[in-house]
Amino acid sequence: IGTVYQLVITITILLSQVLGLEVVLGTEWGWPWLLAVTAIPAVIQCVTLPFCPESPKYLLLNKGQELHAQRALNWLRGDVAVHGEMEEMHQEAEKNKVSKKVTFRELITNRQLRQPLTIALVVMIAQQFSGINAVIFFSTDIFKKAKLNESQSQYATLGMGAMNVVMTLISLVLVEVAGRKTLLMTGFIGMILCSVGLLMFFFQTEHMWVSYLCIGLVILFVVTFAVGPGSIPWFLVTELFNQAARPAASSVAVTVNWTANFIVGLSFLPLSLVLGMNTFIIFAILQLLFLLFIKCKVPETKNKTVEEITAMFRQQM
């Protein structure tokens, strides 16, 4: 479920790239309509959300409305046999009575929570500061610098977006086979190699084969990101915390992630104007630092319960 979140993002990125083609809406007259297209899913959500039930957990744990919770669960599952799941939620409700919700202040001051919070935040920052959004936001410009014309650059960007979707689909399977930490490290190693390769070959694009190599490295950069760093941070946060601390930790982690996204989107163009492709030196250094952090600090959460992960942190204290 956590990987599906990233999959939907990659699909919508690909859709936006298709709509941004010159033959569609990527023109001087078409771009206002392109921005207006975002109203369509907003209207669909406004129309359909009233028909969607509240979260069963919210109804049972927060409102104490057992009958409404069971009806919502029946609707969502398409099955009346939800007694087992209802029993699990009852057990969770009993645990919540014993352990009160963790506040943001407690996340910072509680030693047992500070380490998983640090890991969650660094992994979220790593996802954005890896340089992936710089590549996605400005891929067409990068392809132009690799001696492709306007039309070729747009279609190369489209191919990159398609590979992003395909590899995210593959990561759905890999995440339960290889494990979270392994995929994160594999992804960052691949991104480091691609960044170094771009730095080495980008200034020798007078040869056509070098231009195609640079295009391949950009696409491979996106592929290695999609393998692990793209999807794993979104659900790793939930695996590091129990139910009491999870809402506060997730809120902080997502805020940090989108703040980092904003910083990269705002700073890459000015940096690239000053440094050109040397900007990837910064990304390569950051990728290496994040790789070392993941190797030393991030635990493998595959096939482990929250209690087992919490015990691991206690042992390290």
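Remember, predicted model here, so these are calculated numbers, not experimental data.

Quick notes on the rules
- Residues numbered from 1 in each chain as written.
- Predicted model: local features only at pLDDT ≥ 70, side-chain atom pairs only at ≥ 80, totals over all residues.
- Heavy atoms only, no water.
- Helix = DSSP H or I, 4+ residues; strand = E, 2+ residues; numbered from the N terminus.
- Buried < 20%, exposed > 50% of the residue type's maximum accessible area, 1.4 Å probe, protein only.
- Contact = heavy atoms within 4.5 Å.
- UniProt positions renumbered as here; feature names shortened; annotations may be inferred.
- Axes fitted to C-alpha atoms, helices over the stretch in contact; angles between N-to-C directions.
- Parallel < 35°, antiparallel > 145°, perpendicular 65-115°, else oblique.
- Left-handed = near helix turned anticlockwise from the far one by under 90°.
- Nonpolar A, V, L, I, M, F, W, Y, C, P; charged D, E, K, R; others polar.
- Expected span 1.5 Å × (residues − 1).
- Arc of directions from axis to C-beta.

Participant: Got a minute to help me understand the side chain of Arg180 in this structure?
Facilitator: Along the chain, Arg180 falls in helix H12 (residues 180-201). When its relative accessible area of 5% is taken as the criterion, Arg180 is described as buried. Non-local contacts of Arg180, meaning those with residues more than four positions away in its chain, are made with Val175, Ile232, Phe235, Glu239, Glu300, Thr301 and Lys302.

Participant: Would you take a moment to explain the UniProt feature "transmembrane region" (unreviewed entry) in the chain for this structure?
Facilitator: Annotation from UniProt places "transmembrane region" (unreviewed entry) at residues 30-52, 117-138, 158-175, 182-203, 209-236, 248-269 and 275-294. Strand forms 0% of residues 30-52 and helix 70%; the C-alpha atoms that close the span are 34 Å apart. The span residues 248-269 is 100% helix and 0% strand, and its two end C-alpha atoms sit 33 Å from each other.

Participant: Looking at this model, I keep getting lost on the packing of helix H11 (residues 150-177) against helix H13 (residues 208-227). Mind explaining?
Facilitator: Think of two packed helices as two axes; the pair is described by the angle between the axes and how far apart they sit. Relative to each other, H11 and H13 sit at 25°, their axes nearing to 8 Å. Judged on the interaxial angle alone, H13 and H11 are roughly parallel. Seen from above, H11 lies across H13 with right-handed handedness. Where H11 approaches H13, its residues Met160, Met163, Asn164, Met167, Thr168 and Ser171 are matched on the opposing element by Val218, Ile219, Val222, Val223, Ala226 and Val227. Its residues placed into classes, the contact of H11 with H13 shows 9 nonpolar, 3 polar and no charged.

Participant: Mind showing me how you'd approach helix H1 (residues 2-19) here?
Facilitator: Since the α-helix turns once every 3.6 residues, residues separated by three or four places project in the same direction. For H1, with 18 residues, the first-to-last C-alpha span of 27 Å sits near the 26 Å given by 1.5 Å per residue. Within H1 the residues assigned to the buried category are Thr3, Gln6, Leu7, Thr10 and Gln17. The buried residues of H1 occupy an angular sector of 105° when projected down its axis, which confines them to one face. The elements touched by buried residues of H1 are helix H8 (111-129), helix H9 (132-137), H11, H13 and helix H14 (232-240).

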